[in-house]
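Single-letter residue listing:
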Amino acid sequence: MADRKGQGDAVPTRPRFAHQSEAEFARLLDFYGIRWEYEPRSFPLQWDDHGRAVESFNPDFYLPEIDLYIELTTLKQNLVTKKNRKLRRLRELYPDIRVKIFYGRDYRSLLLKYGLAKPAVRSPSV
Amino acid sequence: MVLADDIARVLFTEAQIQGRIRALAAQISRDYAGTAPLLVSVLKGALYFMADLSRAITLPITIDFMAITSYGDETASTGAVRLIKDLDEKITGRHVLLVEDIIDTGLTADYLLRTLRARDPTSLNICTLLDKTARRIVDTLPIQYRGFEIPDEFVVGYGLDHRQLYRNLPFIGVLKSEVVSAPR
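So, here's what we can say about the structure. Since this is a predicted model, take the numbers as computed values, not measurements. Counting restarts for each chain: residues are numbered from 1 in the order of the written sequence. Chain labels run from A onward and ligand labels from 1 onward, assigned in the order the entries are written. The predicted origin of the model limits local features to residues at a pLDDT of at least 70 and limits the giving and counting of side-chain atom pairs to 80 or more, whereas totals for whole chains, interfaces and linings rest on all residues. Values reported for side chains reflect all heavy atoms of the structure, with hydrogen atoms and water molecules removed beforehand.

## As for the packing of helix α1 (residues 20–31) of chain A against helix α3 (residues 104–113) of chain A
Residue and element names in this part refer to chain A.
Point 1. All axes here are fitted lines through C-alpha atoms, helices being fitted over the stretch that makes contact, and every angle between N-to-C directions spans 0 to 180 degrees. Secondary structure follows DSSP: runs of H or I at least 4 residues long count as helices, runs of E at least 2 residues long count as strands, and numbering of each begins at the N terminus. Contact pair α1 / α3: the axes reach a minimum separation of 12 Å and the direction vectors enclose 50°. Compared by their axis directions, α1 and α3 come out oblique. Considering how the two elements wind past one another, α1 and α3 form a crossing that is left-handed. In contact with Ser21, Glu24, Phe25 and Leu28 of α1, α3 contributes Tyr107, Leu110 and Leu111.
Point 2. Residues were grouped as follows: Ala, Val, Leu, Ile, Met, Phe, Trp, Tyr, Cys and Pro as nonpolar; Asp, Glu, Lys and Arg as charged; and all remaining residues, including Gly, as polar. Across the contact of α1 with α3, the residue classes tally to five nonpolar, one polar and one charged. An angle below 35 degrees is read as roughly parallel, one above 145 as roughly antiparallel, one from 65 to 115 as roughly perpendicular, and any other as oblique. Handedness of a crossing is defined here by the sense of rotation of the near helix relative to the far one, left-handed for an anticlockwise turn of less than a right angle and right-handed for a clockwise turn. Working rule for contacts: check all heavy atoms of both residues, and any pair within 4.5 Å makes them a contact.

## Comments concerning the sheet that holds strand β9 (residues 172–175) of chain B
All names here are of chain B.
Point 1. Two strands qualify as a pair provided that DSSP identifies no fewer than 2 bridges between them. As summarised here, the arrangement of the three strands in space is β1-β9-β8, forming an open sheet in which the pairing is antiparallel. The sheet is open, and its two edges are formed by β1 (7–12) and β8 (155–156), each paired on a single side.
Point 2. In terms of strand pairing, β8 meets β9 through two bridges, oriented antiparallel. In the strand pairing of β9, Val155 is matched with Val174.

## Some points on the interface of chain B and chain A
Point 1. Contacts between the two partners involve 28 residues from chain B, matched on the other side by 27 residues from chain A.
Point 2. As a working definition, buried area equals the accessible area (1.4 Å probe) given up by two parts on being put together, with both sides summed. When chain B packs against chain A, the two sides together hide about 2,300 Å² of surface, and 60% of this comes from carbon and sulfur.
Point 3. For chain B, the biggest contributors to the area lost against chain A are Tyr71(B), Arg135(B) and Ile137(B); these three give 35% of the whole.
Point 4. Only one rule defines a salt bridge in this text: a Lys or Arg side-chain nitrogen within 4 Å of an Asp or Glu carboxyl oxygen. In this structure, the salt-bridge partner of Asp139(B) is Arg98(A), at a minimum N-O distance of 2.7 Å.
Point 5. In the analysis that follows, any N or O atom pair within 3.5 Å is treated as a polar contact, provided that within protein one partner can donate a hydrogen and the other can accept it, and provided that, for residues neighboring in sequence, both atoms belong to side chains. Joining chain B to chain A, the criterion identifies seven residue pairs in polar contact (both at pLDDT 80 or more).
Point 6. Among the elements that take part in the side of chain B that touches chain A, helix α3 (residues 107–117) of chain B stands out by supplying five residues, more than any other.
Point 7. Across the side of chain B that touches chain A, the residue classes tally to 11 nonpolar, nine polar and eight charged.

## Here's the deal with the sheet that holds strand β2 (residues 38–42) of chain B
Residue and element names in this part refer to chain B.
Point 1. The six strands are arranged β4-β3-β2-β5-β6-β7 in an open sheet whose pairing can be described as mixed. Looking along the sheet, the strands with just one partner apiece sit at the ends: β4 (83–85) and β7 (143–149). In this sheet, adjacent strand axes meet at a mean angle of 25° when their direction is disregarded.
Point 2. For strand β5 (residues 95–103) and strand β6 (residues 123–131), the ladder comprises eight bridges, and the chain directions are parallel. Across the sheet, residue Ile103 finds its bridge partner in β6, namely Asp131.
Point 3. Against the sheet, helix α1 (residues 14–31) contacts β5, β6 and β7, and its axis sits at roughly 165° relative to β7.
Point 4. This element, α3, spans β2, β3 (62–68), β5 and β6 of the sheet and lies at about 165° to β5.

As structure tokens, this is what we get:
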């Protein structure tokens, strides 16, 4: 079930972003007038014997006009592998859900494109 | 300073670019036969592409230009895209082809499409010289014509810039990484 935390353009207050990269990404979307929701939905991936979700995937953003979920990850490579596994599982269980992952390299090059990259950007742990 | 010294490798030569533009123009001339489309381009990146493409199209076209602020611009302090230059032409009831130098995230093109669609053109499509899909966010764009698909690298030349430089290179090349990340 959707766990709505934040919604771009729809509420006057900004959600509490877990990381600076997410806040920057939200500003980018706002700039170009793209509506977004922040972590609006949790997708269970594994359940225990009682049917309780023990693992889930919470994409960072949902863009309702494009019907696309976006996950930003600036993790180190060993942690990216775990996230990729969760993403594969998500696609198996929810084939109609469109989700795109932005890796650290993608995000870094995005910042470079807009001239926002700083010489020593600390990698957030998302 | 020689601009070409900052290029790691040439991605498309001048001849390759011109050859692809002729093919695009021939296709556009066929598809829009019997109409007089309006080619709309965005300053400044698509300047050379617009000039060469429009001259290779054999139809009676008109051309117009827009300019908008970009995210990260020092001038973009309002937090939203600002139209620096609007079209001179009315586009209601016209066949409009948006001519782009590159589509990357798709955010700029999506903004322009929304702006143009609100003016009720008969048709609205996109012709882009370069299509970089690796970081695409808006993946629902009506890209009818594309010159080249490119990898996720920082490219300059033939209108594409880095900090307003390199636009006048006649080819498209990958900028050296140390140049891309050098402090301003």
